[in-house]
Amino acid sequence: MAAFFRAFLDSPVGPKTTHFWGPVANWGFVAAGLVDMEKPPEMISGNMTGAMCVCSALLMRFAWMVRPRNYLLLACHASNETVQLYQLSRWAKGQGYFLSEETKSQ
C-alpha cells in the first residue's frame, strides 16, 4: 500500500503537480451548478451558462489531448458540461424557447 501511495505522490498527475490541483479546484464549478439547480430559472444568465458550456467542452478536449492524459480534469469538465447544459435548458425553458406550437398560437 505504501508503494502505491508513493507512486501516486510522485506520478506526473499526482498531488505535487497542477495536473492534480487544477481539476480539484474546478470541481467548485460543478458544485456551484448543482447548488444553483434550486434557484429559479429567471436568475440564470444565459450568456454565462453558454460560455461555461463552451469552455468545458474545449477543456475536455484539452484534458484528453495533453500528455499525460488528465482523466481527473476530463471527469471534472464532463460533469460541469452536464450540469451547465441542464442549467442552459432551464434558462431556455424559462425564456420560452421550448413552447409548443399550440401554446405559441394562443
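Counting from 1, residues in each chain are numbered in the order their sequence is written. Reporting in this predicted model follows two pLDDT cut-offs: at least 70 for local features of residues, and 80 or more for side-chain atom pairs to be given and counted; totals over whole chains, interfaces and linings ignore these cut-offs and use all residues. Side-chain metrics in this entry use all non-hydrogen atoms of the structure; hydrogen atoms and water are not considered.

You'll find the protein chain entered in an unreviewed UniProt entry as Mitochondrial pyruvate carrier, with Salix suchowensis given as the organism. UniProt positions are given in the numbering used here, feature names are shortened, and annotations may be inferred rather than shown by experiment. UniProt's Subcellular location (unreviewed entry) comment on the protein chain is quoted here verbatim: "Mitochondrion inner membrane". According to the UniProt record, the Sequence similarities (unreviewed entry) comment for the protein chain is "Belongs to the mitochondrial pyruvate carrier (MPC) (TC 2.A.105) family."

What am I meant to see in the side chain of Thr49 here?
Note on conventions: DSSP H or I runs of at least 4 residues are helices, E runs of at least 2 residues are strands, and numbering of each starts at the N terminus. With respect to the secondary-structure elements, Thr49 resides in helix H3 (residues 46–65). A polar atom in the side chain of Thr49 sits 2.8 Å from the backbone oxygen of Ser45. Residue contacts are defined here by distance: any two heavy atoms, one from each residue, within 4.5 Å place the two residues in contact. What Thr49 contacts, discounting residues up to four positions off in sequence, is Ile44, Gln84, Gln87 and Leu88. Polar contact is defined as a pair of N or O atoms within 3.5 Å, subject to the rule that within protein one atom must be able to donate a hydrogen and the other to accept it, and that residues adjacent in sequence are counted only when both atoms are side-chain atoms.

Got a minute to help me understand the packing of aromatic side chains in this structure?
Each pair of aromatic rings is reported with the distance of its centres and the angle of its planes. Side-chain rings of Phe, Tyr and Trp, where Trp is taken by its six-membered ring, are said to pair if the distance between their centres is within 6.5 Å; with planes under 30 degrees apart they count as stacked, over 60 as edge-to-face, and otherwise as tilted. Inspection of every chain in the model, using the stated rule, returns four aromatic pairs. Between Phe8 and Phe20 the ring centres are 6.0 Å apart and the planes differ by 80 degrees, which places this aromatic pair in the edge-to-face class. On the criterion of sequence distance, the pair formed by Phe8 in helix H1 (residues 2–10) and Phe20 in helix H2 (residues 18–35) is long-range, its members being 12 residues apart. For Phe8, a relative accessible area of 35% corresponds to the partly exposed category. The classification of residues rests on relative accessible area computed with a 1.4 Å probe and restricted to protein chains. Under 20% of the type maximum is buried, over 50% is exposed, and intermediate values are partly exposed. Classification of Phe20 as buried rests on a relative accessible area of 17%. Summarising the aromatic geometry, the rings of Phe20 and Trp21 are spaced 4.8 Å apart at their centres and angled 90 degrees between planes, so their arrangement reads as edge-to-face. In this structure Trp21 comes out as partly exposed when scored by relative accessible area, which is 48%.

Would you take a moment to explain the layout of surface pockets for this structure?
Gaps left between atoms show up when a probe the size of a water molecule is rolled over them. As a volume, the largest pocket reaches approximately 230 Å³. Lining of the largest pocket is provided by 14 residues; of these, Asp36, Ile44, Thr49, Gln84 and Gln87 occupy positions nearest its centre. Elements with a minimum of two residues in the lining of the largest pocket: H2, H3 and helix H4 (71–95). Note on residue categories: nonpolar means Ala, Val, Leu, Ile, Met, Phe, Trp, Tyr, Cys or Pro, charged means Asp, Glu, Lys or Arg, and polar means any other residue, Gly included. Taken together, the residues of the lining of the largest pocket break down into seven nonpolar, five polar and two charged. Only protein atoms enter the 1 Å grid used here. Points where a 1.4 Å probe fits but cannot escape make up a cavity, open sets with protein on both sides within 12 Å along at least five of seven lines make up a pocket, and a residue lines them when an atom lies within 4 Å of a point. Grid points are joined across faces, edges and corners, and a volume is the space filled by probe spheres set on the points.

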